[in-house]
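# An overview of the molecular structure
What follows is each chain in one-letter form.
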Amino acid sequence: MDLLVRQTGLLTHPSDPGTKANPLGDVTTVGLWVVRRNKESRALLPLAVSHASDEPFARIRLPHTEAWMPFHQGLLTLTDFDIERRLSHERIQEFFQEVTEEICDGTDIALLTLAQNMRSSCPGLTNSKLTADALAFDADNAIPADHRKGLRHIRLRTNVRDETSQHFSFTEGGKEGDVGVGSHFWADPHRPRHFFSTSKKPTTAGNGSPKGSRLEAHWGCIGKDENKNNVYGMKHDTLADVWNPQLLELLVACHSQDDDPAAWAALVHQQRYEAAHFSDPLALPAVLHLAHSVSEHILPHYLVEPITEYDG
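Since this is a predicted model, take the numbers as computed values, not measurements. (Residues numbered from 1 in each chain as written. Predicted model: local features only at pLDDT ≥ 70, side-chain atom pairs only at ≥ 80, totals over all residues. Heavy atoms only, no water.)

What follows deals with the overall build of the chain. Each helix and strand counted, the chain has six helices and 13 strands in total. Residues classed as buried in the chain amount to 49% of the 312 residues present. Sequence separation of 24 or more characterises 68% of the internal contacts of the chain that already satisfy a separation of 6 or more. Carbon and sulfur atoms make up 51% of the accessible area of the chain, which totals about 15,700 Å². (Helix = DSSP H or I, 4+ residues; strand = E, 2+ residues; numbered from the N terminus. Buried < 20%, exposed > 50% of the residue type's maximum accessible area, 1.4 Å probe, protein only. Contact = heavy atoms within 4.5 Å. Areas by Shrake-Rupley, 256 points an atom, 1.4 Å probe, with all protein chains shown as cover.)

Before going further, it helps to spend a moment on the pairing of strand β5 (residues 108–114). Each regular strand carries side chains that alternate between the two faces of the sheet. β5 sits mainly inside the fold: six of its seven residues count as buried. The pairing of β5 with strand β6 (residues 151–157) spans six bridges and is parallel. Note on β6: the bridge partner recorded for Ile 109 is Leu 151. (Pairing = 2+ DSSP bridges.)

The sheet built from nine strands is open, its strands ordered β4-β3-β2-β1-β5-β6-β13-β10-β9 with mixed pairing. In the strand order of this sheet, the two ends are held by β4 (69–70) and β9 (184–187), each with one partner. Pairing analysis gives nine bridges linking strand β1 (residues 27–37) to strand β2 (residues 43–51), with the strands arranged antiparallel. Residue pairing across strands places Val 30 opposite Ser 50, the latter belonging to β2. Packing against the sheet, helix α3 (residues 89–103) makes contact with β1, β2, β3 (59–61), β5 and β6, and its axis sits at approximately 10° to β2. In the packing of helix α6 (residues 286–298) onto the sheet, the strands contacted are β1, β2, β3, β5 and β6, and the crossing angle to β1 comes to about 35°. (Axes fitted to C-alpha atoms, helices over the stretch in contact; angles between N-to-C directions.)

Here the focus is helix α5 (residues 261–270). The element α5 is largely enclosed, with a buried count of ten among its ten residues. Listed as buried for α5 are Pro 261, Ala 262, Ala 263, Trp 264, Ala 265, Ala 266, Leu 267, Val 268, His 269 and Gln 270. Buried residues in α5 make contact with β1, β5, β6, β9, β10 (194–198) and β13 (248–254).

Before going further, it helps to examine α3. With 15 residues, α3 extends 21 Å between its outermost C-alpha atoms, agreeing within 8% with the 21 Å of an ideal straight helix rising 1.5 Å per residue. Ile 92, Gln 93, Phe 95, Phe 96, Val 99, Thr 100 and Ile 103 are the residues of α3 that are buried. One face of α3 carries all of its buried residues, which in axial projection span an arc of 160°. Considering only its buried residues, α3 is in contact with β1, β2, β3, β5, α4 (115–118) and β6. (Expected span 1.5 Å × (residues − 1). Arc of directions from axis to C-beta.)

Here we take up the side chain of Arg 85. Relative to the assigned elements, Arg 85 resides in the loop between α2 (71–77) and α3. In this structure Arg 85 comes out as buried when scored by relative accessible area, which is 13%. A distance of 2.8 Å separates a polar side-chain atom of Arg 85 from the backbone oxygen of Leu 78. (Polar contact = N/O pair within 3.5 Å; in protein donor to acceptor, adjacent residues only side chain to side chain.)

Attention shifts here to the environment of Gly 25. Tracing the backbone through its elements, the reader meets Gly 25 in the loop between α1 (2–6) and β1. Residue class for Gly 25 comes out exposed when judged on its relative accessible area of 52%. Taking the C-alpha atoms as reference, Gly 25 lies 8.7 Å from Ser 53; in sequence the two are 28 residues apart.

Of the pairings in the sheet, the one linking β9 to β10 comprises four bridges and is antiparallel in character. Its bridge partner being in β10, Phe 185 is matched across the sheet by Ser 197. In textbook terms, the turn of a hairpin is the stretch between consecutive antiparallel strands, and for β9 and β10 this stretch comprises six residues.

So, on to the packing of aromatic side chains. Evaluated as defined, the whole model comprises three aromatic pairs. Note on Phe 95 and Phe 96: the rings are 5.7 Å apart at their centroids and 50° apart in plane angle, and the pair reads as tilted. Grouping residues by exposure puts Phe 95 and Phe 96 together as buried. Between the aromatic rings of Phe 185 and Phe 195, the centroid separation amounts to 5.5 Å while the plane-to-plane angle is 15°, which identifies the pairing as stacked. Linking Phe 185 in strand β9 with Phe 195 in strand β10, this pair joins segments that are ten residues apart in sequence. (Phe/Tyr/Trp six-rings, centres within 6.5 Å; stacked < 30°, edge-to-face > 60°.)

Considering the arrangement of structural elements, one finds Gln 116 in helix α4. Polar side-chain contacts of Gln 116 include one of 3.4 Å to the backbone oxygen of Val 160.

The next point concerns a nonpolar patch on the surface. There is a patch of nonpolar side chains on the surface, built from Trp 219, Tyr 232 and Met 234 and spanning about 330 Å² of accessible area. Tracing the backbone shows Trp 219 in strand β11 (residues 218–224). (Patch = residues over 30% accessible without salt bridge, like charges linked within 9 Å, V, L, I, M, F, W, Y side chains within 5 Å. Salt bridge = Lys/Arg side-chain N within 4 Å of Asp/Glu carboxyl O.)

When you line up the elements, Phe 196 lands in strand β10. Relative accessible area serves as the criterion here: at 17%, Phe 196 is assigned to the buried category.

Given below as structure tokens:
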């Protein structure tokens, strides 16, 4: 499945993109990414991965090519040992601006970026420089509005370096104290552009308890009686291994005047379920998941720099 599906970039599509109140039509999703290499031979390689609503596979765009190509063909292009893999921050910004202007032909585009991956090369996306309904990879040179028609920018953050919290939730309508992992799309009641995406415990997460709070008591087995029958009551997971999933933050940084930001953030949440090779939700939406996986094909794993940058 990994060889025949993931490496060929085959993806599914959300059945009902957007929200019930504001469904979305044909949307092309584009994820921007910077592959990093450290130690003996450092490299910074920008790329973009797109998934159109009328195609079953993703496409990739590289600085070394002038056209988008199917994902698997892009991976083959990167096998050339002599291909340039160390680009300056200025060239990375130029490449992302080129890609943005290429894709903005008036159709609906969801542009996805991950803060921890992009901020060192694109300071215009940091917390202190990010401006509502403006897009700037170079903080001093925003892309003009008429060069990004139809584009919506959703910036993501994860719990890497504790930038977002781990979470647990209460069961709606459940017993008092019934807590665990909430699998849902959440809106921030205080900030209309701010949303969160959480998922259920995947089968690959091991034996950690999905009752994820060490602070809140929940209903469960607290022991056995003299007849060796289970006794149930309220208990804390103070000693048990628990599984605390990451909270994925979705900020709709750019949208059109008549848009419902919730619909575009919901689309990103739904795209965590687009992987055709994996039954559980992905940690990131599919285009960013594929972009991150490129490093596994062109770089030895021990040379891939972890995403550890911090934006206070």
